[in-house]
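Structural overview for review
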Amino acid sequence: MQRILWADDEIDLLKPYVLYLQQKGYDVLTTNNGQDAIDICNEEQVDIVFLDENMPGLSGLETLTDIKQLHPTLPVVMITKSEEENIMEEAIGQQITDYLIKPVNPSQILLCLKKHLDNKAIVEEKATTSYREEFSDISYLINSATTIDEWKAVQKTLTKWELQLQDAGSGMTEMLRMQRREANAAFFKFVQKNYADWMTQHPGLMSTDIFKNKIFPMLDAGEKVCLLVIDNFRYDQWKAIEGLVSDYYTVTDDSLYTSILPTATQYARNSIFSGLMPLQIQQMFPQFWVEEGDEETKNQYENELIASQIQRFRRHDEYTYHKVNESDYCDKVIARLKGSKTPLQVIVLNFIDMLSHSRTESKMMRELCSDEAAYRSLTVSWFRHSPTMRLLERLSQLGYKVVLTTDHGTVRVDNPVAIVADKNTNTNLRYKVGKALVCKAKDTYLMEQPKLFGLPSPNISSTYFFCSGSDFFSYPNNFNYYAQYYTGTFQHGGISLEEMLIPLITLEPKK
């Protein structure tokens, strides 16, 4: 039973209200002065306080100050006869939860309680009921999807419910996880059947099309554009932070695009900046391509690839490129933007990628983001407190449209599958490229002729294997050790909705 404390110097006149709330199932404690209210809060478990603003002795505002010092999260609703602006500003400054103007009626009181005590339960119950009602429709959407646009609708629908049900009971979240697994299994079959055709007939935007179909048309229209690439960024992470950008930007396009395979930085991000498939990069610009076995950083030539794409399209766009790996450098980028008239800014933020890797390597980080909901929460915390918010503010002030996107997403893995490979095979857990690869797992995608898929071959006999769903590759040697170590981590490189169908968001600066 939820407990209310009501403090009012005319509390005896409020007995009908108290009886009404008791009939509604609330336990109501009462007092006629501020000091007793403070004492009750210190001695009793109270869920919410109704506090009269005008009481003899300690005033309502003074009582509020003392209660908040000791119980900062306790909801306090101020009830006042006065509508004076300075009183309300002071009360709001003291972090009141709500306020009511006398005379109040029972319905107002009950509505206030529903709003501040029962709101979460009501919202969760409504979301749970709505999801149950839509469960069959989602299953039909999954089973009937035959185009990439229909799969994008599946991804958006599942993401919507994951955000709405993240605080719901375990039964609902497990049902949703089952639908996500069902969707990824069906999406894998769809990609397996159609991916080869995509090399000649793109299903909407892919990695190679971002500049050609999105950035260049904006520049041609006279817009100032910032391409903001957040590495390893999923659609659910975007939806979690969407509200944070609303002070500076309006979302005018909330789209998804398809990452090429492998969904890894070396391939997908280099394809964005070059407008070419990896094999084309290797053939046309061998000086900019780093092989899997090389120790060089795989994405160190992004600036050169951007320049090559602009030149290849016979364009003369001025642009500035920044890669941000730490907060201090982001502050320097913000400073350099002051008064900038350069029509194109390209900024890469690597924090989410670093978060994903540190979560694998650090026990503490595993605890902090133990599942998708926690991973989203940590993303929101980073975004809110990092210089990224100041970066968006500066870009908005300068009139830049922002195309916010990523090179690939990431998926939480929990099922190891054995693969036999030689010592020169790459280390990525979601895809393998090498010679004499042997994997008997059912739901893996084998590319025996990489050139047909726009991929380079480190050796003449090289093939690619891709994991699906939440699988990850592990070698027979020390299989159990590595299976345990990587289970529950976030990985990329393979085939899943989370990795391949990723955000491509257009933000319009607010005037």
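Residues numbered from 1 in each chain as written. Predicted model: local features only at pLDDT ≥ 70, side-chain atom pairs only at ≥ 80, totals over all residues. Heavy atoms only, no water.

1. What about the layout of surface pockets?
Cut-off, in case you're wondering: The distinction between a cavity and a pocket rests on a 1 Å grid over the protein atoms alone: a 1.4 Å probe fits inside a cavity but cannot get out, while a pocket stays open yet meets protein on both sides within 12 Å along at least five of seven lines, and a residue with an atom within 4 Å of a point counts as lining. Grid points are joined across faces, edges and corners, and a volume is the space filled by probe spheres set on the points. Where helices and strands are cited, they refer to DSSP runs of H or I of at least four residues and of E of at least two residues respectively, numbered from the N terminus. Any residue outside Ala, Val, Leu, Ile, Met, Phe, Trp, Tyr, Cys, Pro, Asp, Glu, Lys and Arg is labelled polar, Gly included; the first ten of those are nonpolar and the last four are charged.
Its volume calculated, the second largest pocket comes out at about 580 Å³. Mapped onto the lining of the second largest pocket, the elements with two or more residues apiece are α8 (170–198), α17 (372–385) and β11 (411–412). Top element by residues in the lining of the second largest pocket is α8. It accounts for eight residues. Its residues assigned to classes, the lining of the second largest pocket shows six nonpolar, six polar and 14 charged.

2. Digging into the pairing of strand β9 (residues 344–349)
What counts is decided by this rule: Only protein chains enter the calculation, and the probe is 1.4 Å; a residue is then buried if its accessible area is under 20% of its type maximum, exposed if over 50%, and partly exposed in between. DSSP calls a pair of strands paired once it identifies at least 2 bridges connecting them. Whether a crossover is right-handed depends on one test, that the path from the first strand over the helix to the second runs clockwise when the strands point away from the viewer.
Burial runs high along β9: six of the six residues are buried. Of the strand pairs in this sheet, strand β6 (residues 225–230) and β9 are connected by six bridges, and their pairing is parallel. Directly across from Leu227, in β9, lies its bridge partner Val346. Note: strand β8 (residues 319–324) against β9, six bridges, orientation parallel. Bridge assignment links Val324 to a residue of β9, and that residue is Leu349. Each parallel crossover has a hand, and for β8 linked through helix α14 (residues 327–336) to β9 it is right-handed.

3. A few points about the side chain of Thr406
Convention followed: Contacts described as polar in this section are N or O atom pairs within 3.5 Å, which, within protein, must combine one atom able to donate a hydrogen with one able to accept it, while residues neighboring in sequence count only if both atoms come from side chains. The contact criterion used is simple: two residues touch if any of their non-hydrogen atoms lie within 4.5 Å.
If you trace the backbone, Thr406 turns up in the loop between β10 (401–405) and β11. For Thr406, the side chain forms a polar contact with the main-chain oxygen of Ile230, separated by 2.5 Å. Ignoring sequence-local partners within four residues, the contact set of Thr406 consists of Val229, Ile230, Asp231, Asn232, Phe233, Tyr257, Ile272, Ile502 and Pro503.

4. Describing empty space enclosed by the protein
Throughout the structure, instances matching the rule amount to one cavity of 30 Å³ or more. Estimated volume of the largest cavity: approximately 40 Å³. The wall of the largest cavity is formed by Gln155, Thr159, Glu162, Arg180, Arg234, Tyr235, Asp236 and Glu498. Looking at the lining of the largest cavity, the elements that each hand over two or more residues are α7 (148–164) and α10 (235–241). The biggest single contributor to the lining of the largest cavity is α7, with three residues. Here the residues of the lining of the largest cavity are counted per class, giving one nonpolar, two polar and five charged.

5. With respect to the pattern of salt bridges
Basically, it comes down to this: For this document, the term salt bridge refers to a Lys or Arg side-chain nitrogen within 4 Å of an Asp or Glu carboxyl oxygen.
Considering all chains together, one arrives at 28 salt bridges under this definition. The shortest N-O distance in the salt bridge between Asp253 and Lys214 comes to 2.9 Å. With Asp253 in strand β7 (residues 249–258) and Lys214 in helix α9 (residues 210–220), the pair connects residues that are 39 residues apart, well separated along the chain. Linking Arg376 and Asp236 is a salt bridge whose minimum nitrogen-to-oxygen distance equals 2.9 Å. With Arg376 in helix α17 and Asp236 in helix α10, this residue pair connects regions lying 140 residues apart in the sequence. Arg376 gets classed as buried once you look at its relative accessible area, which sits at 4%. Its relative accessible area of 5% is what places Asp236 among the buried residues. It is possible to trace a salt-bridge network through shared partners that takes in Asp231, Arg269, Glu302, Lys323 and Asp407.

6. Considerations on the sheet that holds strand β2 (residues 27–31)
The line we're drawing: Axis lines are fitted to C-alpha atoms, over the contacting stretch for helices. Their N-to-C directions set the angle, which ranges from 0 to 180 degrees.
Pairing in this open sheet of five strands is parallel, and the strands run β2-β1-β3-β4-β5 from one edge to the other. If you trace the sheet from one side to the other, it starts and ends with β2 and β5 (98–101), each paired once. Direction aside, the axes of adjacent strands within the sheet are offset by 20° on average. Examined bridge by bridge, strand β1 (residues 3–7) and β2 share five bridges and lie parallel to one another. Within β2, the position partnered with Ile4 by the bridge is Val28. Each of β1 and β2 touches helix α1 (residues 15–23); the most contacted strand, β2, lies at about 160° to it. Together, β1, β3 (48–52), β4 (76–80) and β5 form the strand contacts of helix α5 (residues 106–116), whose direction differs from that of β3 by roughly 140°.

7. Concerning the packing of aromatic side chains
Both the distance between ring centres and the angle between the ring planes are used here to describe each pair of aromatic rings. Rules: Stacked, edge-to-face and tilted are the three classes for Phe, Tyr and Trp ring pairs, Trp counted by its six-membered ring, which pair at centre distances within 6.5 Å; planes under 30 degrees apart are stacked, over 60 edge-to-face, the rest tilted.
Across all of its chains, the model carries 29 aromatic pairs by this definition. Both rings, one in Phe285 and one in Phe288, keep their centres 5.8 Å apart while their planes meet at 20°; by these two values the pair is stacked. Each member of the pair, Phe285 together with Phe288, is buried. Where Trp382 meets Phe383, the ring centres are 5.6 Å apart and the plane angle is 75°; that geometry is what we call edge-to-face. A relative accessible area of 12% places Trp382 in the buried class.

8. Examining the environment of Ile460
Secondary-structure assignment places Ile460 in the loop between β14 (444–447) and β15 (463–467). Judged by its relative accessible area of 92%, Ile460 is exposed. Between the alpha carbons of Ile460 and Gln282 there is a distance of 15 Å; along the sequence they are 178 residues apart.

9. A look at the sheet that holds β15
Spatially, β13-β15-β14 is the arrangement adopted by the three strands of the open sheet, whose pairing is antiparallel. Single-partner strands in this sheet number two, and they are β13 (431–434) and β14. The average undirected angle you get between the axes of adjacent strands in this sheet is 15°. Two elements, β14 and β15, share four bridges in a ladder whose sense is antiparallel. Across the sheet, Tyr445 pairs through a bridge with Phe466, a residue of β15.

10. What about the packing of α1 against α5?
Which entries qualify depends on this criterion: Any angle between 65 and 115 degrees counts as roughly perpendicular, while under 35 counts as roughly parallel, over 145 as roughly antiparallel, and the rest as oblique. Two helices that cross are described as forming a left-handed crossing if the nearer one is turned anticlockwise from the farther one by less than a right angle, and a right-handed crossing if clockwise.
Axis separation between α1 and α5 bottoms out at 10 Å; the angle between their running directions is 45°. When the axes of α1 and α5 are compared, the pair comes out oblique. Viewed along their axes, α1 and α5 form a crossing whose handedness is right-handed. Of the residues in α5, those touching α1 at Tyr17, Tyr20 and Leu21 are Pro106, Ile109, Leu110 and Leu113.

11. Quick word on the nonpolar core
Under the convention used in this document: Residues belong to a common nonpolar core when they are buried Ala, Val, Leu, Ile, Met, Phe, Trp, Tyr or Cys residues joined through side-chain atoms within 4.5 Å.
Grouped together as the largest cluster of nonpolar side chains are 103 residues, with contacts concentrated most on Trp151, Phe187, Tyr195, Phe211 and Phe273. Every residue in contact with Phe187, bar those within four places of it in the chain, is listed here: Ile148, Trp151, Ile495, Ser496, Leu497, Met500 and Leu501.

12. Quick word on the packing of helix α11 (residues 265–274) against helix α13 (residues 302–312)
The geometry of α11 relative to α13 is characterised by a closest axis approach of 7 Å and an angle of 40° between their N-to-C directions. By the angle between their directions, the pair α11 and α13 is classed as oblique. Here Arg269, Asn270, Ile272, Phe273 and Ser274 of α11 lie close against α13, whose contacting residues are Glu302, Leu305, Ile306, Gln309 and Arg312. Considering only residue class, the contact of α11 with α13 consists of four nonpolar, three polar and three charged.

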